[in-house]
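A structural walkthrough
Here's the letter readout for the chains.
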Amino acid sequence: MPQSVNSPKLAFILLAITSAVCMGTIGTLARFAALPAEHITFYRLFLGALCLLLYMLASSKRSQILHKPGKRTLINGAMLAGFMFFYIQAMNYTSMANAVMLVYLAPLLSAMLAHFIFKERLSLANVLAIVFALLGFAMMMQFSLAPSGNEQEALGLFYGTLSLLTYSGFMLINRKPDDSTPYQSTLVQLLAGALCLLPLILASTPDISPTQGLWLLAIGFIPGFIAILCAVKALRNLPAVTFGTLAYVEPVAVVCFAWTFFAETLTPLQLGGCSLIILAGITQGVLSQNTGSKPAPAEQSSG
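To keep things clear, this report deals only with the structure shown in the data block. As the structure is a prediction and not an experimental result, all values here were calculated from the model.

On to the overall build of the protein, then. The helix and strand tally for the protein stands at 13 helices and zero strands. Per-residue burial over the protein gives 50% buried out of 303 residues. Of all intrachain contacts in the protein linking residues separated by at least 6 positions in sequence, the fraction that spans at least 24 positions is 89%.

If you want it as structure tokens, here you go:
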């Protein structure tokens, strides 16, 4: 019966798309919150972990809460905090499109690093995907390091590069996951990331208005909890390459949010660059699936 087979699959595809769109809201919500990057990142991680904990307590997953986390999971929590912090910082100094496209070079950078670290050989198609992605980013920058002429643009690109590197490290570590379940791994990584940022939170205590508090709750719930929960459920029921392809809805969503709320427009050259990066990333996911190296779940979504 086609309907009985396709209907559940469609539901999981919608969950993957929902996850990508929710991940893409972080830049918009962060700008509305107008708080330092460390506070936004901390509350996204901490409130996300709290929501996930309550969900696990209210479901059949409560028995998974108490466990001994692996070292890689704890390290990945620190990497996750760094990636999110630098990503928000990048958006403070450059356009949301520039920041998210830098992040989406991470799967390609990870493939390059894995060639040397894990001896995972790159095929000609892999190399071409990397070349096209770099060309796409050059087009995004309009073949200039500071296309907007803004003095802060270089700083934004610097933070964006740091987010790229920490996210790539996060993905490389996740290539050899431990024995924990997706819910356990997600909960520990969120909590470990929040703990990494706690000293910065205690050192800086800006006055948070009720309106900003509501934005922080939205950050913790939408890109912090809903996006992760939808991703975990989708990843358990969809092929990695399908989820990886659908994850590229996120940069499209970010560009749309930036245009709608902040009047950030892209030139035809930049739109072409976005397309090249997205196509290169999707191609990399397909190649990884075909060669039997299934991407880790954390590789599929950035924000």
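Turning our eyes to something else, we now look at the packing of aromatic side chains. Ring pairs (aromatic) are described by centroid distance and by the angle formed between their planes. Throughout the structure, instances matching the rule amount to 18 aromatic pairs. Consider the rings of F86 and Y159, whose centres lie 6.4 Å apart with planes at 25°: the pair is stacked. Of this pair, F86 sits in helix 4 (residues 71-93) while Y159 sits in helix 8 (residues 153-173), placing them 73 residues apart in sequence. Overall, Y159 belongs to the buried group, its relative accessible area being 17%. Here F221 and F225 contribute two aromatic rings whose centre-to-centre distance is 5.9 Å and whose plane-to-plane angle is 40°, an arrangement assigned as tilted.

Direction vectors running N to C along helix 3 (residues 37-58) and helix 10 (residues 210-235) enclose 55°, while the axes themselves pass 7 Å from each other. Here helix 3 lies oblique to helix 10, going by the angle between them. Relative to helix 10, the crossing made by helix 3 is right-handed. For the pair formed by helix 3 and helix 10, the contact residues are H39, I40, Y43, R44, L47, G48, C51, L52 and Y55 on the first element and L216, L217, I219, G220, F221, P223, G224, F225, L229 and K233 on the second. For the contact of helix 3 with helix 10, a count of residues per class yields 13 nonpolar, four polar and two charged.

On to a nonpolar patch on the surface, then. A cluster of nonpolar side chains, L124, L128, F132, L135, F143 and L269, forms an exposed patch at the surface whose accessible area comes to about 580 Å². Per-element accounting of the nonpolar patch gives the leading share, four residues, to helix 7 (residues 124-140). For F143, the position within the fold is in the loop between helix 7 and helix 8. Residue F143 is classed as exposed on the basis of its relative accessible area, which comes to 56%.

In this fold, L53 is placed in helix 3. Among the residues examined, L53 registers a relative accessible area of 28% and is labelled partly exposed. A sequence separation of 12 residues divides L53 from I65, and the C-alpha atoms of the two residues are 7.7 Å apart. Those residues in contact with L53 that lie beyond four places of it in its chain are I65 and L187.

Reading guide: rules and limits
Residues numbered from 1 in each chain as written. Predicted model: local features only at pLDDT ≥ 70, side-chain atom pairs only at ≥ 80, totals over all residues. Heavy atoms only, no water. Helix = DSSP H or I, 4+ residues; strand = E, 2+ residues; numbered from the N terminus. Buried < 20%, exposed > 50% of the residue type's maximum accessible area, 1.4 Å probe, protein only. Contact = heavy atoms within 4.5 Å. Phe/Tyr/Trp six-rings, centres within 6.5 Å; stacked < 30°, edge-to-face > 60°. Axes fitted to C-alpha atoms, helices over the stretch in contact; angles between N-to-C directions. Parallel < 35°, antiparallel > 145°, perpendicular 65-115°, else oblique. Left-handed = near helix turned anticlockwise from the far one by under 90°. Nonpolar A, V, L, I, M, F, W, Y, C, P; charged D, E, K, R; others polar. Patch = residues over 30% accessible without salt bridge, like charges linked within 9 Å, V, L, I, M, F, W, Y side chains within 5 Å. Areas by Shrake-Rupley, 256 points an atom, 1.4 Å probe, with all protein chains shown as cover. Salt bridge = Lys/Arg side-chain N within 4 Å of Asp/Glu carboxyl O.

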